[in-house]
Structures are given as C-alpha cells and as structure tokens.
Amino acid sequence: MGDKKGLRNIILIFIVVLVAIIISLIFLSKKNNNIIQNENNNETISNKNAFCISDNNGKYAVFNAEGKQITKFDFSNECDFYNGSSVVKNDDGQYGIINTSGKFVVKYGKYSHISQIESLYKASNEGVNYVLNSKGKEVFKTDDYKFDLDESSDDSNMYKATLSNEIILFDYNGKKLDEINSNSKTSYNDLRCKDLFCEIEIDNKTYIYNLKEGKRIITLDGENYINTHKGDILSVYLQNNKYNVYKNDKLILDGVEASNGLDILDDGFAARNSTYTLYDKDGNIVDDTVFFYKDTKNYLKKDDYTKSTYSFYKDGKLSKKDDTLVSLFSNNDISLQNNYDNSLIIMSSKKEIPCYNNSTCYGYNFYDFSGNAVNKTSYVKLKTGYSDYMLVSEDGKTEYIINKKFEKVSDDYDSNSIFSIITNDKKIHFWQVYKDGKYMLLAENGKVLKENIIEKVFVSSSIPSDIIQLKYDDKVELYNIKEKKVVVTLDKNVTFNSYNDLYINVTENGVNNFYSYINGKKFYSK
C-alpha cells in the first residue's frame, strides 16, 4: 500500500515539474518574441500578407494585411517578406529572421551578417558562408571566399550560388537542383524563369529546369531562351527565328522556323510565319499554308491571293470555299479574335455598308469554321480587350458593347469615346467613357459603375491589380474593380506618398495616414 502511495507521489511531482517547465518555456518564448498580439500563428509562404512601416523614430514594426500591428517598433530596418519571412536588424547591429507572425526563425546574433535575396538568405559567421531557406534552415555552407548568391532576373523562383569554380542552383524553397563546374562569371541576368521553368547560360551552354519536378530537363549548346509553356509542353527559342518543342525532356519539334513566334495549342502547335504551319502533338505537319486557326482541325486558308478565295476547315475537313470575303480583321492580328472567341473568325466581306460621313465601308461579320456568318448585323468598327465583350460600331458615328450572343448590353456613346482598360495582371477588363467633359466607369458587361469622374481612371503597377483610383470634385476613391466596391475614400486634397500591395500611405491635413486595401480602415498615423 505504501509503495503505491509513494509511486503516486512521484508521478504527481513529475507532472507538476513538467507543467512548470512548459509554462516557463511559454513565458520565455513570449518574452524573447516581440509579438504584441498573435491569434493565428500559422506560417504562410506568401509575401502578400505582412509588411513593415516605421514610426517617427525610424523604428519598424510588422503589420498584417488588415493593418493589425503584430510586433512592437523594435527593428532598425524595413522588413520585406518573401516566402513568409524577412531579415530584421536591431540597434546593436545584430541580424535575425522573422516570419509573418513576428516570430523569430533565426534569433539575433546567430550569424554575424544576413542578406536577404528574396526567398533565400545569404548568411556568414567566422569565415563560413551559408544559404538559408525562408524557415531559417541551413541548406548549404562553404568557406569559399568568392561565394555569392543571386536570384533569377524576372522573378524569384530560382537562385544561383557562385563559387570559385562551380555554380550551384536552388529553387525558391532552398532545394538544391544542380551543381555545374565552371569558372564563368555569369550575371544574374543569365538566370531567367517563366513560372516554374527556368534557364541559365553557362560557358556557352543553356541548362533548363522544371522546378515542379525539381530537376534539369534540357541541355543545349549556345544561348537559348524559354519561349512559352503549356502544361508539360515547353517551347524554346534557339536562334535565327527557330524553335524546339519538348514534352518534358522529349524533343517533339526540332529547329522549326517561326519568324512571328510559335504557339502551343490544345492539340498541337502553330509556327507563325507569313502563313502558319500547324503540327499535331507528335510533331507531324497538318497544314503549312494556314491563315487563321483555332486548333489543328479548325482553321482558315487563303487559296487565291488574287481573287481572295478562302477555304474553311471544320473538324479536319474542308467545309466551304468562299470568294466574297476580303480580309481578316486587323491585318491578320488574331489576338483580338482569340481574346473574344477564337471559335469565330472576324472577316470583312465585299458587301459594303454605309459608314461615317455618307461614305461606304466593308462590314465585318463573325464566321464559324463552316464558313457561315453567325451575326445578323455587320460592323464597321470592332475593339476589345481580354474580355467576353466587344466594342462595336455599325456606322462609325456611335458605338456600344455587345456580348458573345451579339446582344447589345450598353447604351450608345459617341464614336471614340469608349476606352478599353485592362488591369496590370491582364485578368480584369473594364471600360472608361468620356462624356460631357467627365468620365464614366463601366463594367466589362457595359453596366455603369461610376459617374462624374473628373480625371482618367488611374491604374498603377505599384498597387494591387484590382484597385483603381477615381477622382471626383469633392473626393478621391480607391475602387476594387473585381469586387465592384469602394475600399477607401479620401479627401480631394490628399497627397499620395506611396503605394504598396497591401496599403496606401497618404498625407491628410499634415498627418501621415496608412489605409488597408483589405478593409479600407486607417490603421496607423504619424
């Protein structure tokens, strides 16, 4: 009985000590971590959810996307979050790394110096150099005194560590991809990426990597460039307007000439010269005198340039020949058609219609690949952006917006008064109308969103792509074109100081104010 009682006492003492240790660790963690409030400590790999701003003493603190202050004003440098973390510095000149929750992933003083290279870090201590990932983990170290670290020139998906006689490549998470022996002094401009495909030119060889698979997939002689990709299909520009096409590392097209570029289609490829050559998925030629295409089975050919005879092909078979048509819209520029609907061909016919000042013009119609006009009304003017809607004019005097059913969805406006506007990321399209000395804002479907704007709509590359600036007689609005709502309203005499992906900094009545794009609230003043 006594033995059992003693055992219970030992267990009880052990539990008490364990609880005390846990409480002490939590206390120390909070004491050493300058977090003010942190309800959600989930780490993120995004660089769009936290930022630093300074107080009047030049000290910086971390704020989240809603403008909530995460840390005290304890840092002597402006942090810049990539892949969920940023380097920071204290008044003693010590470096550390914090995540977007304000927690240290590398404590002050562990390294004598830390430089942030977007998502990775270059650190050093006692003559040894390190590469750290965004979580502060050492992924590489060397005592080579020539060590340096660069990121790709057009984004931050791939990184290059240069040593005395070799180059080591990493992805944005710090995973080592390759080691290449070289004395080449390549610059960061030699390292380029398009999404998760990257290339580097070293010693007159081009190495191409698939970051999704985490490996090198292609090695070519000379300097070559990634052109475009679609899924696991990749086209590479060689030299002299020639291209290779690969499926992963398998060569499909070898040295195809395409002076105007090469397109990857759903069912093959198109090499664009004066006419287009279509190839199937295996690289076999389908047709080499194509004028316009949707894919390798639906396309248009111009048979007789003297008589302007066109042949329509649908599902791989000739469906119609037509000698009443004049030309494709916009001098064979297929971008307008493809953005609107590449299953239809915009062409003018020899039938003239009244237009402008009592003159006549060729009218444009939309034809399917059977060669039939699918719209009843002919247009003398067509214009669109990245949209399901198009701006048209029947007579050149007034214009309006139609949908893909050719239905009129807007009011009539004077010719040349409607302007197509596309956001920086090419994802959101809208219209601006100049009328009676002021501007109107229309959604892509022609619906009026805003009126009485006194200046042209301002789209800046420095602010989120869905935020636009509208100026009125008595105020300025920051408008979310995607959500179709005002996010911030400011005085008309406001001075804009700086833009950011997450906030805007303005001066109002001599005070520096910061507003969040997320909730529109003023979250800090100084």
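Residues numbered from 1 in each chain as written. Predicted model: local features only at pLDDT ≥ 70, side-chain atom pairs only at ≥ 80, totals over all residues. Heavy atoms only, no water.

K.L.:
Tell me about the state of the cysteines, and please be specific about residues and values.
P.N.:
All chains considered together, the criterion is met by three disulfides. Here Cys 52 is linked by a disulfide to Cys 79, with a sulfur-sulfur distance of 1.5 Å. On the S-S bond that ties Cys 52 to Cys 79, the torsion sits near 95°, and the link is right-handed. Here Cys 79 lies in the loop between strand 2 (60-64) and strand 3 (85-89) and Cys 52 lies in strand 1 (residues 50-54), a separation of 27 residues in the sequence. For the pair Cys 52 and Cys 79, a shared accessibility class is recorded, and that class is buried. One disulfide in the model links Cys 355 with Cys 361; its S-S distance is 1.9 Å. The S-S bond linking Cys 355 to Cys 361 shows a torsion near 70°; that makes this disulfide right-handed. The exposure classification of Cys 355 matches that of Cys 361, with both residues buried. For the protein, the disulfide bridges join cysteines in the arrangement 1-2, 3-4, 5-6, where the cysteines are counted in sequence order. (Disulfide = S-S within 2.5 Å. Helix = DSSP H or I, 4+ residues; strand = E, 2+ residues; numbered from the N terminus. Buried < 20%, exposed > 50% of the residue type's maximum accessible area, 1.4 Å probe, protein only.)

K.L.:
Explain the pattern of salt bridges residue by residue, including any values.
P.N.:
Applying the stated criterion across every chain, the model contains 20 salt bridges. Asp 91 is the partner of Lys 59 in a salt bridge, and the nearest nitrogen-oxygen pair spans 2.8 Å. On the criterion of sequence distance, the pair formed by Lys 59 in the loop between strand 1 and strand 2 and Asp 91 in the loop between strand 3 and strand 4 (95-99) is long-range, its members being 32 residues apart. For the salt bridge of Glu 399 with Lys 381, the shortest nitrogen-to-oxygen distance reads 2.6 Å. (Salt bridge = Lys/Arg side-chain N within 4 Å of Asp/Glu carboxyl O.)

K.L.:
Now, about the nonpolar core: what can you tell me, with residues and values included?
P.N.:
Soluble globular proteins tend to bury their nonpolar side chains together. Judged by nonpolar contacts, the single largest core of 14 residues is most densely connected at Phe 430, Leu 441, Val 457, Ile 468, Leu 470, Tyr 479 and Ile 481. Breaking this core down by element, the ones donating at least two residues are strand 38 (438-443), strand 39 (448-453) and strand 40 (467-471). In terms of residue count, strand 38 provides more of this core than any other element does, three residues in total. Beyond its immediate chain neighbours, meaning those up to four positions away, Phe 430 contacts Phe 419, Ser 420, Ile 421, Thr 423, Leu 441, Leu 442, Glu 444, Val 457, Val 459, Ile 468 and Ile 481. Grouped together as the second largest cluster of nonpolar side chains are 13 residues, Met 158, Ile 167, Cys 193 and Leu 211 included. (Core = buried A, V, L, I, M, F, W, Y, C linked by side-chain atoms within 4.5 Å. Contact = heavy atoms within 4.5 Å.)

K.L.:
Explain a positive patch on the surface to me, and be specific about the residues and the numbers.
P.N.:
A surface patch of positive charge is lined by Lys 247, Lys 250, Lys 281 and Lys 297. Along the chain, Lys 247 turns up in strand 20 (residues 242-247). Take Lys 247: its relative accessible area is 42%, and that puts it in the partly exposed class. (Patch = residues over 30% accessible without salt bridge, like charges linked within 9 Å, V, L, I, M, F, W, Y side chains within 5 Å. Areas by Shrake-Rupley, 256 points an atom, 1.4 Å probe, with all protein chains shown as cover. Lys, Arg positive; Asp, Glu negative; His and termini not counted. Charge placed at Lys NZ, Arg CZ, Asp CG, Glu CD.)

K.L.:
Quick one: what's the story with the packing of aromatic side chains, residue by residue and with numbers?
P.N.:
This structure, assessed with the given rule, holds 22 aromatic pairs. Clustering of aromatic rings is evident, with ring pairs tying together Phe 51, Phe 63, Phe 73, Tyr 503, Phe 514, Phe 523 and Tyr 524. Lying over the aromatic face of Tyr 400, Lys 408 brings its terminal NZ or CZ to 4.8 Å of the ring centre. Here Lys 475 stacks its cationic end above the ring of Tyr 472, 5.4 Å away from the centre of that ring. (Phe/Tyr/Trp six-rings, centres within 6.5 Å; stacked < 30°, edge-to-face > 60°. Lys NZ or Arg CZ within 6 Å of the ring centre and 35° of its normal.)

K.L.:
Outline unusual backbone geometry, listing residues and values.
P.N.:
One non-glycine residue, Asp 315, lies in positive phi territory at about 55°. Mapped onto the secondary structure, Asp 315 falls in the loop between strand 27 (309-314) and strand 28 (317-322). Classification of Asp 315 by relative accessible area gives exposed; the value is 53%. Positive phi outside glycine occurs at Asp 436, with the angle close to 55°. Accessibility expressed as a relative area gives 74% for Asp 436, which makes it exposed.

K.L.:
How would you explain the pairing of strand 21 (residues 250-257) if you had to name every residue and give the values?
P.N.:
As paired elements, strand 20 and strand 21 share five bridges and run antiparallel to each other. Paired with Tyr 246 across the bridge in strand 21 is Leu 251. In this structure, the hairpin formed by strand 20 and strand 21 is closed by a connection of two residues, where Asn 248 is found at a positive phi of approximately 55°. (Pairing = 2+ DSSP bridges.)

K.L.:
Tell me about the sheet that holds strand 41 (residues 475-480), and please be specific about residues and values.
P.N.:
The strand order across the open sheet formed by three strands is 40-41-42, and the pairing between neighbours is antiparallel. A single partner strand is all that each edge strand has here, and the edge strands are strand 40 and strand 42 (485-491). Each strand axis lies, on average, 25° off the axis of its neighbour in the sheet, ignoring direction. The pairing of strand 40 with strand 41 spans five bridges and is classified as antiparallel. Within strand 41, the position partnered with Leu 470 by the bridge is Glu 477. (Axes fitted to C-alpha atoms, helices over the stretch in contact; angles between N-to-C directions.)

K.L.:
Describe the sheet that holds strand 28, naming the residues involved and giving the relevant values.
P.N.:
Sheet strands associate in pairs through backbone hydrogen bonding, adopting either a parallel or an antiparallel arrangement. Reading across the sheet, the seven strands line up as 22-23-24-25-26-27-28 and stay open at both edges, with antiparallel pairing between neighbours. Edge positions in the sheet fall to strand 22 (262-264) and strand 28, since each has one partner strand and no second. Sheet twist, expressed as the average angle between the axes of neighbouring strands with direction ignored, equals 40°. Alignment of strand 22 against strand 23 (residues 268-272), held across three bridges, turns out to be antiparallel. Each bridged residue has a counterpart across the sheet, and for Leu 262 the counterpart in strand 23 is Ala 271.

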